[in-house]
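Residue-level listing of the chains:
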Amino acid sequence: MMRATWNGVVLAEAPRTVRMEGNDYFPPESLNREYFSDSRAKTLCPWKGIASYYNVQVGDEVNPKAAWYYPRPSPLARSIKGHVAFSNSVRVQGEPEEPR
């Protein structure tokens, strides 16, 4: 099981993630959405496309742009469509489960 945590709270948990460029991308249904809010930030990756960001909030503490996703990735990165990756401030740990 893969898990993303920040400030003692589980932000996302999934049996498997999509690993790309050293980042684990969690499926959208694995997020605990109560901790996420949209950020206005966007960045451009030359081969994946335009990334959108989430701010993460636990209690009164906000971690700006702590998570990102590609709503419309390029065809080469379609496996991460809508999946969410986390900045280094968020701890990602675990081992993916083997497919059955």
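For the structure, see preceding data.
Residues numbered from 1 in each chain as written. Predicted model: local features only at pLDDT ≥ 70, side-chain atom pairs only at ≥ 80, totals over all residues. Heavy atoms only, no water.

(A) Quick peek at the side chain of Asp24. Topologically, Asp24 is positioned in strand S4 (residues 23-25). When its relative accessible area of 11% is taken as the criterion, Asp24 is described as buried. At 2.7 Å, the side chain of Asp24 and the side chain of Thr17 are in polar contact. A distance of 3.1 Å separates the side chain of Asp24 from the side chain of Arg19, its partner in a polar contact. With sequence-adjacent residues up to four places away left out, Asp24 is seen in contact with Met2, Thr17, Val18, Arg19, Val84, Ala85 and Val92. (Helix = DSSP H or I, 4+ residues; strand = E, 2+ residues; numbered from the N terminus. Buried < 20%, exposed > 50% of the residue type's maximum accessible area, 1.4 Å probe, protein only. Polar contact = N/O pair within 3.5 Å; in protein donor to acceptor, adjacent residues only side chain to side chain. Contact = heavy atoms within 4.5 Å.)

(B) Summary view of the pairing of strand S2 (residues 9-14). Bridge count between strand S1 (residues 2-6) and S2: 5 bridges; the pairing is antiparallel. Each bridged residue has a counterpart across the sheet, and for Thr5 the counterpart in S2 is Val10. (Pairing = 2+ DSSP bridges.)

(C) Seen up close, the sheet that holds strand S7 (residues 61-69). Taken in spatial order, the 4 strands make up an open sheet running S5-S6-S7-S8, and their pairing is antiparallel. Each having just a single partner strand, strand S5 (36-45) and strand S8 (84-86) make up the two edges of the open sheet. On average, each strand axis in the sheet is inclined to that of its neighbour by 35 degrees, with strand direction left out of account. Pairing of strand S6 (residues 49-58) with S7, which is carried by 6 bridges, proceeds in the antiparallel orientation. When the sheet's bridge partners are listed, Tyr54 is paired in S7 with Ala67. (Axes fitted to C-alpha atoms, helices over the stretch in contact; angles between N-to-C directions.)

(D) Seen up close, the sheet that holds S1. With respect to topology, 3 strands assemble into an open sheet ordered S2-S1-S9, the strand pairing being antiparallel. Lying at the two open borders of the sheet, with one neighbouring strand each, are S2 and strand S9 (91-94). Neighbouring strand axes in the sheet, compared pairwise and without regard to direction, differ in orientation by 25 degrees on average. In terms of strand pairing, S1 meets S9 through 4 bridges, oriented antiparallel. Within S9, the position partnered with Thr5 by the bridge is Arg91.

(E) The packing of aromatic side chains, seen in detail. A full pass over the atoms with the stated rule returns 6 aromatic pairs. Seen in terms of ring centroids, Phe36 and Phe86 are 6.2 Å apart; in terms of plane orientation they differ by 55 degrees. Their pairing is tilted. In this pair, Phe36 is assigned in strand S5 and Phe86 in strand S8, connecting sequence segments 50 residues apart. Overall, Phe36 belongs to the buried group, its relative accessible area being 12%. Each ring, one from Tyr54 and one from Tyr69, has its centre 4.8 Å from the other, and the planes form 25 degrees; the classification is stacked. Here Tyr54, found in strand S6, pairs with Tyr69, found in strand S7; they are 15 residues apart in sequence, far enough to count as distant. For the residue pair Tyr54 and Tyr69, the accessibility class agrees, reading buried in each case. (Phe/Tyr/Trp six-rings, centres within 6.5 Å; stacked < 30°, edge-to-face > 60°.)

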